[in-house]
Amino acid sequence: SETEDGRPLKQRLLVVANRLPVSAVRKGEDTWSLEISAGGLVSALLVLPGVKEFEAKWIGWAGVNVPDEIGQKALSKALAEKRCIPVFLDEEIVHQYYNGYCNNILWPLFHYLGLPQEDRLATTRSFQSQFDAYKRANKMFADVVIKHYEEGDVVWCHDYHLMFLPKCLKEHDASIKVGWFLHTPFPSSEIHRTLPSRSDLLRSVLAADLVGFHTYDYARHFVSACTRILGLEGTPEGVEDQGKLTRVAAFPIGIDSGRFIRALEVPQVQEHIRVLKERFAGRKVMLGVDRLDMIKGIPQKILAFEKFLEENAKWHDKVVLLQIAVPTRTDVPEYQKLTSQVHEIVGRINGRFGTLTAVPIHHLDRSLDFHALCALYAITDIALVTSLRDGMNLVSYEFVACQASKKGVLILSEFAGAAQSLGAGALLVNPWNITEVAQSIAYALDMPPDEREKRHQHNYEHVTRHTAQDWAETFVSELNDTVVEAQLRTRA
Ligand code: G6P
């Protein structure tokens, strides 16, 4: 039961991410219920148990503070059934590491929104303590990984929360195979160099054997940051530091397209579709599905829709925008402000263009279950994915997967990683240019059927051919090869 180079046929994979695929809700002293977590990272990695080459286990935070031992034991047991191992983070660490350093500093910076300024400046003063908490949290993740590690395992670290983890693991045992993958953009080196801890983070990531990004551009930015900020050598293979190579490459993620395509056949989904079609009969449906996050460009999208209504009286009452905005990181003030801002704009536009019987925007501050979401994707005429920046954006992929019969139009931000794969089929827009987005909406509504079909076909082929399963297999096999090559180099 081994491959030629001695690896077991089913490779043990420790997948480490800040958030586990399930989040826990406490129901009693020792009872928990588990819900699927939101976000692109989780939806892509959910496929892992189905990949026959891997035996995957998850290590991460269950999104909840569990101070007592009884609760911790019970939760660990419940999570074990889902092949998940929890990392327990107390409130103070969550505040400083997750709300602070990860989501108020790294996340906006990596999406080109810069470091805290003006009212976010207060947080900069506690920058050092947040960075210390970040390192402490990464160390806590490392301790759990080390406890569960068995020789030969692959440890796959994910995202901006865990940039310190590769270093912690390699310092403990240099023979651990470590990969790190970033689910956000990696910004231009000129942006990264504004970060006070810029060098520490780069050096720590470079401790991994393989470093992966969604697009070639992000990989290039990372290599430039290493050459310009650390003075190391960039090669076509990656980054070299005194003869040691860290392999850097692009691995564009995908979705489990089959799961969406199959869901459309489920009677419950067909019933949802019937109800929705009846509800919106005579109107074209435009859809936005986003976490309520500043990078998603929700206010800009809604303002573009307003501009479209202003300039296209013939469409009043004949089009509706459904915006699903899933609340996220609600303890971070920036996200709280965004919620009120969006509510204010939606209220104003509905007041302005609504009638006694219909409003132009339906805005929901919550997530939908998987079946309702598939039905919504299937009845949509135009999807609006207008992120200001986005690592990849899998909502665009999910929409395409559900559109085999309708062949609707995807309006897609050129600043989402997905623009590089779905660019030829989508209408690409600059989300900051509200006039351009409004014009694209008008164009999409009147698009001739043969153009729609051609565009859809292009995207459908991509989404069904480049799946999350392929992505995971390619990354892990490249990681195995990289380690073997490095061993051969040291022997030679
Ligand atoms: C993005 C990040 C993920 C994160 C997700 C949800 O997709 O890349 O790492 O899990 O957002 O955000 P949250 O803060 O709720 O985990």
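Residues numbered from 1 in each chain as written. Predicted model: local features only at pLDDT ≥ 70, side-chain atom pairs only at ≥ 80, totals over all residues.

By the naming in an unreviewed UniProt entry, the protein chain goes by alpha,alpha-trehalose-phosphate synthase (UDP-forming) and is assigned to Acorus calamus. What UniProt states about the protein chain under its Catalytic activity (unreviewed entry) heading is, verbatim, "D-glucose 6-phosphate + UDP-alpha-D-glucose = alpha,alpha-trehalose 6-phosphate + UDP + H(+)". (UniProt positions renumbered as here; feature names shortened; annotations may be inferred.)

Turning our attention to the overall build of the protein chain. A tally of regular secondary structure across the protein chain gives 19 helices and 17 strands. Over its C-alpha atoms the protein chain spans a radius of gyration of 23 Å, differing by no more than 12% from the 23 Å that the globule rule assigns to 492 residues. Counting only C-alpha atoms, the protein chain reaches 70 × 50 × 50 Å along its principal axes. When the 492 residues of the protein chain are sorted by exposure, 46% land in the buried category. (Helix = DSSP H or I, 4+ residues; strand = E, 2+ residues; numbered from the N terminus. Rg over C-alpha atoms; globule rule 2.2 N^0.38 Å. Buried ≥ 20, exposed ≤ 12 C-beta atoms within 10 Å, placed from the backbone.)

For the rest of this paragraph, the subject is the site of the ligand. Contacts to the ligand come from Arg19, Ala38, Gly39, Gly40, Leu41, Asp159, His183, Thr184, Thr328 and Arg329. A per-class count over the shell around the ligand returns 2 nonpolar, 5 polar and 3 charged. (Near = placed C-beta within 6 Å. Nonpolar A, V, L, I, M, F, W, Y, C, P; charged D, E, K, R; others polar.)

Attention now moves to the confidence of the model for the protein chain. Taken as a whole, the protein chain shows an average pLDDT of 94; of its residues, 97% reach a score of 70 or greater. Both scores are given for the predicted complex: the pTM is 0.96, the ipTM 0.98. (pLDDT = per-residue confidence, 0-100.)

Counting residues in each nonpolar core, the largest one holds 147 residues, and the members touching the most others are Val15, Val16, Val155, Phe222, Leu410 and Ile411. Here this core gets 9 residues from one element, more than from any other, and that element is helix α3 (residues 91–110). For Val16, the contacting residues outside a window of four places in its chain are Ile59, Gly60, Phe141, Val145, Val155, Trp156, Cys157, His158, Leu162 and Leu165. (Core = buried A, V, L, I, M, F, W, Y, C linked by C-beta atoms within 7 Å. Contact = placed C-beta atoms within 7 Å.)

What follows is about the sheet that holds strand β12 (residues 284–291). Read from one edge of the open sheet, 6 strands run β14-β13-β12-β15-β16-β17, paired in parallel fashion. The sheet terminates laterally at β14 (361–364) and β17 (427–429), the two strands that pair on one side only. Here the strands of the sheet are splayed against their neighbours by 20° on average, with no regard to which way each runs. Of the strand pairs in this sheet, strand β16 (residues 409–413) and β17 are connected by 3 bridges, and their pairing is parallel. Within β17, the residue paired with Leu412 across the bridge is Leu428. (Pairing = 2+ DSSP bridges. Axes fitted to C-alpha atoms, helices over the stretch in contact; angles between N-to-C directions.)

Attention now moves to unusual backbone geometry. Although it is not a glycine, Asp159 adopts a positive phi angle of roughly 75°. In this fold, Asp159 is placed in the loop between β6 (154–158) and α6 (165–172). You can call Asp159 buried: it has 22 C-beta atoms within 10 Å. Phi at Gln242 is positive, roughly 45°, even though this residue is not glycine. Along the chain, the position of Gln242 falls in the loop between β10 (238–241) and β11 (244–250).

Let us look at the pairing of β16. Within β16, 5 of the 5 residues are buried, leaving the element largely enclosed by the surrounding structure. As paired strands, strand β15 (residues 382–385) and β16 are joined by 4 bridges and run parallel to one another. By the bridge assignment, Leu384 is partnered in β16 with Ile411. With respect to chirality, the unit in which β15 leads through helix α15 (residues 395–401) into the neighbouring parallel β16 is right-handed. (Right-handed = clockwise from strand over helix to strand, strands pointing away.)

Time to look at the sheet that holds strand β4 (residues 54–61). Pairing within the open sheet is mixed, and its 9 strands lie in the order β5-β4-β1-β6-β7-β8-β11-β10-β9. Of all the strands in the sheet, just β5 (84–86) and β9 (233–235) have a single pairing partner and so form its edges. Strand-to-strand, the axes of this sheet are offset by a mean angle of 20°, without reference to chain direction. Taken together, the 3 bridges between β9 and β10 define a ladder with antiparallel strand orientation. Counted as the bridge partner of Glu233 is Glu240 from β10. Each of β1 (11–19), β6 and β7 (177–181) touches α6; the most contacted strand, β7, lies at about 175° to it. Those strands touched by helix α19 (residues 468–491) are β1, β6, β7, β8 (210–213) and β11, and its axis lies near 135° from that of β7.

Before going further, it helps to spend a moment on the environment of Gln457. Here Gln457 shows up in helix α18 (residues 449–465). For the pair formed by Gln457 and His316, sequence separation is 141 residues and the distance between their alpha carbons is 30 Å.

Moving on: the packing of helix α5 (residues 127–148) against α6. One can describe the packing of α5 onto α6 by two numbers: an axis separation of 9 Å at closest approach and a directional angle of 45°. Considering their axes alone, α5 and α6 lie oblique with respect to each other. Considering how the two elements wind past one another, α5 and α6 form a crossing that is right-handed. Along the contact surface, α5 presents Asn138, Lys139, Phe141, Ala142, Val145 and Ile146, while α6 presents Leu165, Cys168, Leu169 and His172. (Parallel < 35°, antiparallel > 145°, perpendicular 65-115°, else oblique. Left-handed = near helix turned anticlockwise from the far one by under 90°.)

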